[in-house]
Amino acid sequence: MTKYSKQFLANLYRTMVRIRFCEESLVEPILKKEVQCPVHLYSGEEAIATGVCAALAEKDYIFGTHRSHGHYLAKGGSMRELIAEIYGKQTGCSRGRGGSMHVCDPDKGVLGAAPIVGGTISLAVGCALASKMKKEKNVTVSFFGDGAAGEGVLYESINLAALKKLPIIFACENNLYSTHMPIKECRPKNNIFEIGISYGIISFRVDGNDVLRVYEAAKKAVEICRKNQGPVFIEFMTYRLRGHVGANDSIQGTHTDIRPKEEIAKWRKKDPIRKFEQYLIRNKILAKGNRETIRKETEAEVNDAYVFAKKSSYPKKGELTKYVFKK
Ligand SMILES: Cc1ncc(C[n+]2csc(CCOP(=O)(O)OP(=O)(O)O)c2C)c(N)n1
Ligand SMILES: [Mg+2]
């Protein structure tokens, strides 16, 4: 038995499958160099974006990183516009100017993503400060990686957020690596969530590959922020199933992925989608037929997104500076 409705659980499953299928669909285009911008795939980390965004309302805001397709889709961004953006097309979510690392959809609360490691954390704090000054009840989530925990801006941002009790969730996706640098080679202790504790804010660590645990943690954090008792710091433990960038460095020895094979194999067994499927089967929630339907529908959505992206045009040369901020 479970306390969640079948619909809610099916939606979590659908979101994770949408992210995974969308990410994996990019492998071939990347290898064929059809996609020209750097692409950082989120495969293996889907439970975090899915669980966190399920705890948010549409009016809430998120800020992402260089690895943000999952955040964008989970918060309601359009797959068509995502693929079009990655193809550099005018119909993309950033009008083809940004590529994979600059996804946004302000109408859905996806206020921006950027490849500067740690670069969006202070922007998210500014957003939360604005919400508080305007007395809105919106919560802002700042997604960042374990590597960003090595950037000074995180500490300045948490300090201001803690001082002003801002409604912001610092969501650290700890996939144990910063590019190819293992966390144990750049941090004396593997305890990122304790950064928050030192600023006196509620901080905890959860299994980022268990979508229901992620959801519960995020829900609790959102409640705290809505009651004006934020900020909250959550460290989600996870692992990426593909290489740092592109598609091709996921197999040890062939490219630059130097992660131990045994470590990759261990984490494959903890694949968040497989884990959740086992939960759904064990609790007799989603029959095989329903799961198949979700997968088929998602396949169709992915195919449709490519048709849309490929038939769209590139931005016009003469419009290069259109949308550039001018005073
Ligand atoms: C300020 C800055 N320094 C270095 C880089 C190069 N760089 C790109 S991604 C990355 C690793 C980021 O690691 P993490 O924050 O853990 O995110 P992950 O890639 O693991 O999701 C680095 C060092 C950068 N983009 N920006
Ligand atoms: Mg990392």
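Structure: see above.
Residues numbered from 1 in each chain as written. Chains lettered and ligands numbered in written order. Predicted model: local features only at pLDDT ≥ 70, side-chain atom pairs only at ≥ 80, totals over all residues. Heavy atoms only, no water.

### So, the side chain of S43
Considering the arrangement of structural elements, one finds S43 in the loop between α2 (27–31) and α3 (46–54). Of note is the side chain of S43, whose polar atom sits 2.6 Å from the side chain of E24. Here S43 is in contact with R20, E23, E24, Y239, R240, L241 and R242, once residues within four sequence places are set aside. (Helix = DSSP H or I, 4+ residues; strand = E, 2+ residues; numbered from the N terminus. Polar contact = N/O pair within 3.5 Å; in protein donor to acceptor, adjacent residues only side chain to side chain. Contact = heavy atoms within 4.5 Å.)

### Topic: the coordination of the magnesium ion (ligand 2)
The protein atoms that coordinate the magnesium ion (ligand 2) are D146 (OD), N175 (OD1) and Y177 (O), at distances spanning 2.1 Å. In terms of primary sequence, the donors binding the magnesium ion (ligand 2) are separated according to D-x28-N-x1-Y. A residue pair is termed long-range when its members are at least 10 positions apart, and D146 in the loop between β3 (140–145) and α7 (152–163) and N175 in the loop between β4 (168–174) and β5 (177–178) qualify at 29 residues. (Donors = N, O, S within 2.8 Å, 3.2 Å for Na, K, Ca; no water.)

### Observations regarding the side chain of T238
Positionally, T238 belongs in the loop between β8 (232–237) and α10 (261–268). Reaching out from T238, the side chain makes a polar contact with the backbone oxygen of G44 at a distance of 3.4 Å. Excluding anything up to four places from it in sequence, T238 contacts G44, E45, I48, N174, N175, L176, G208, N209 and W267.

### A short note on the site of ligand 1
By nearness alone, 15 residues border ligand 1, and H66, R67, P115, G147 and N175 come closest of all. V117 is positioned with one of its backbone polar atoms (N or O) 3.1 Å from a nitrogen atom of ligand 1. In this structure, an oxygen atom belonging to ligand 1 sits 3.4 Å away from a side-chain N or O atom of S178. Relative to its free-state accessible area of 590 Å², ligand 1 is covered by the protein chains to the extent of 71%. Its residues placed into classes, the shell around ligand 1 shows five nonpolar, seven polar and three charged. (Near = heavy atom within 4 Å. Areas by Shrake-Rupley, 256 points an atom, 1.4 Å probe, with all protein chains shown as cover. Nonpolar A, V, L, I, M, F, W, Y, C, P; charged D, E, K, R; others polar.)

### Focus: the packing of helix α5 (residues 79–86) against helix α12 (residues 288–311)
Axis separation between α5 and α12 bottoms out at 8 Å; the angle between their running directions is 50°. Classed by the angle they form, the pair α5 and α12 counts as oblique. The two elements α5 and α12 meet at a crossing, and its hand is right-handed. Where α5 approaches α12, its residues M79, R80, E81, I83 and A84 are matched on the opposing element by E301, V302, D304, A305, Y306, F308 and A309. The residue makeup of the contact of α5 with α12, split by class, is eight nonpolar, no polar and four charged. (Axes fitted to C-alpha atoms, helices over the stretch in contact; angles between N-to-C directions. Parallel < 35°, antiparallel > 145°, perpendicular 65-115°, else oblique. Left-handed = near helix turned anticlockwise from the far one by under 90°.)

### Some thoughts on the pairing of β4
Among the seven residues in β4, seven count as buried, and that is most of the element. Burial along β4 is two-sided: the residues I168, F170, C172 and N174 and I169, A171 and E173 are all buried. Sheet topology note: the β3/β4 ladder contains six bridges and is parallel. Its bridge partner being in β4, T140 is matched across the sheet by I168. In this fold, β3 hands off to α7, which returns the chain to β4; that crossover is right-handed. Of the pairings in the sheet, the one linking β4 to β8 comprises six bridges and is parallel in character. Each bridged residue has a counterpart across the sheet, and for C172 the counterpart in β8 is E235. (Buried < 20%, exposed > 50% of the residue type's maximum accessible area, 1.4 Å probe, protein only. Pairing = 2+ DSSP bridges. Right-handed = clockwise from strand over helix to strand, strands pointing away.)

### Remarks on the packing of aromatic side chains
Enumeration according to the criterion identifies nine aromatic pairs in this entry. For the pair F8 and Y215, a centre-to-centre distance of 4.8 Å together with 55° between the ring planes defines the contact as tilted. Of the two residues, F8 is situated in helix α1 (residues 6–25) and Y215 in helix α9 (residues 211–226); the sequence distance between them amounts to 207 residues. In this structure Y215 comes out as buried when scored by relative accessible area, which is 11%. (Phe/Tyr/Trp six-rings, centres within 6.5 Å; stacked < 30°, edge-to-face > 60°.)

### Considering α9
The end-to-end C-alpha distance of α9, which contains 16 residues, comes to 22 Å, matching closely the 22 Å that a straight helix rising 1.5 Å per residue would cover. Among the residues making up α9, those that are buried are V211, L212, V214, Y215, A217, A218, A221, V222, I224 and C225. Phi turns positive one or two residues past the end of α9, at N228, with a value near 70°. (Expected span 1.5 Å × (residues − 1).)

### Observations regarding the environment of G145
By the secondary structure assignment, G145 is in strand β3. Sequence spacing of G145 and K296 is 151 residues, and the spatial spacing of their C-alpha atoms is 32 Å. Dropping the residues within four chain positions of it, G145 is found in contact with C172 and E173.

### Observations regarding the pairing of β3
Of all the six residues making up β3, five are buried; the element is thus mostly covered by neighbouring parts of the structure. Judged from the three bridges that link them, strand β1 (residues 61–63) and β3 form a sheet pairing that is parallel. By the bridge assignment, F63 is partnered in β3 with S142.

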